[in-house]
Amino acid sequence: MPDPHIRMAVLDDGDALGELDRTTWSTLHEVMPPPQPPYRPFFDEEHPPGDLLVAELAGEIVGYIRLVPPTPLASNAHVRQIRGLAVAGTARRHGVGRALLRAACAEARRQGATRITLRVLGHNTPARELYAAEGFAVEGVLPGEFHLAGRYVDDVLMGRGLTAY
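Throughout what follows, the structure given in this document is the object of discussion. (Residues numbered from 1 in each chain as written. Predicted model: local features only at pLDDT ≥ 70, side-chain atom pairs only at ≥ 80, totals over all residues. Heavy atoms only, no water.)

### Observations concerning helix α1 (residues 14–24)
- Looking at α1, one finds that the buried residues are G14, L17, G18, L20 and T24. Looking straight down α1, one finds its buried side chains confined to an arc of 160°; they lie on one side. Among the exposed residues of α1, those oriented more than 90 degrees off its buried face are D15 and T23.
- Turning to α1, the residues buried within the fold contact β2 (52–57), β3 (60–68) and β4 (79–87). (Buried < 20%, exposed > 50% of the residue type's maximum accessible area, 1.4 Å probe, protein only. Helix = DSSP H or I, 4+ residues; strand = E, 2+ residues; numbered from the N terminus. Arc of directions from axis to C-beta. Contact = heavy atoms within 4.5 Å.)

### A short note on the pairing of strand β6 (residues 137–148)
- Relative to strand β7 (residues 151–161), β6 runs antiparallel, the two sharing 8 bridges. The partner of L142 across the bridge, within β7, is D155.
- Between the end of β6 and the start of β7, which pair antiparallel, lie 2 residues, with A149 showing a positive phi angle near 50°. (Pairing = 2+ DSSP bridges.)

### What about the sheet that holds β4?
- What the 7 strands build is an open sheet, ordered β1-β2-β3-β4-β5-β7-β6; its pairing is mixed. Looking along the sheet, the strands with just one partner apiece sit at the ends: β1 (5–8) and β6. Between one strand axis and the next, the sheet turns by 25° as a mean value, whatever way the strands run.
- Two elements, β4 and strand β5 (residues 115–121), share 4 bridges in a ladder whose sense is parallel. The residue bridging V79 from the neighbouring strand is R115, located in β5.
- The strands touched by helix α2 (residues 96–110) within the sheet are β1, β2, β3, β4, β5 and β7, with β3 carrying the most contacts at an inclination of about 40°.
- Strands in contact with helix α3 (residues 125–133) are β4, β5, β6 and β7; relative to β5, the strand with the most contacts, it is inclined by about 160°. (Axes fitted to C-alpha atoms, helices over the stretch in contact; angles between N-to-C directions.)

### Some points on the packing of α2 against α3
- Between α2 and α3, the least distance of the axes is 11 Å, while the angle of their chain directions is 45°. In terms of orientation, α2 lies oblique with respect to α3. As for how α2 packs across α3, the hand of that crossing is right-handed. In this structure, α2 uses G97, R98 and L101 to contact α3, whose residues at the interface are L130, Y131 and A133. (Parallel < 35°, antiparallel > 145°, perpendicular 65-115°, else oblique. Left-handed = near helix turned anticlockwise from the far one by under 90°.)

### Overview of the pattern of salt bridges
- On inspection of all chains with the given rule, the structure shows 8 salt bridges.
- Linking E139 and R115 is a salt bridge whose minimum nitrogen-to-oxygen distance equals 2.6 Å. Here R115 lies in strand β5 and E139 lies in strand β6, a separation of 24 residues in the sequence.
- For R115, a relative accessible area of 26% translates into the label partly exposed.
- Linking D155 and R119 is a salt bridge whose minimum nitrogen-to-oxygen distance equals 2.2 Å. Taken together, the residues span a long stretch of sequence, with D155 in strand β7 and R119 in strand β5 at a distance of 36 residues.
- In the salt-bridge network here, residues are joined through shared partners; they are R7, D13 and E56. (Salt bridge = Lys/Arg side-chain N within 4 Å of Asp/Glu carboxyl O.)

### Re the nonpolar core
- Core analysis: the largest hydrophobic core is formed by 38 residues, its most contacted members being L17, Y64, I82, V96, I116, Y131 and F136.
- Looking at this core, the elements that each hand over two or more residues are α1, β2, β3, β4, α2, β5, α3 and β7.
- Dropping the residues within four chain positions of it, Y64 is found in contact with L17, L20, D21, F42, L52, L53, V54, G84, L85, A86 and L100. (Core = buried A, V, L, I, M, F, W, Y, C linked by side-chain atoms within 4.5 Å.)

Set out below in structure tokens:
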């Protein structure tokens, strides 16, 4: 499989990204209930296209990563947070998630950030392994923070510096 092409999202990507969100929904990574029709627009005032990088293979969107400032505070402006990563089932295990993570780190550096963080559910072993392989370390755990599919699940905070390597 060729390397994915990573680019900034545009408004016209909304329908494809909404469909990707719906088809990748799982309690492995999602704390909200499954989406139900009528579906909300993927982009809105709080979730503009400029916050997303998308991955394409053969011209088809197969993944995205959302990168945002964690707070509006000036004292926190040096940090970016990943608030969503999705990869189509057909594109998993082909480097799409890794390419998106690397692109998000590069974009965060371009924006002047020196640190990047994310939250991941404790039972999401594939995501945690990917994040660790890309230099993210566990920085905190909220034990049993969520109750999903009949069990309590930890909320894990991971982060890393953005020095070039």
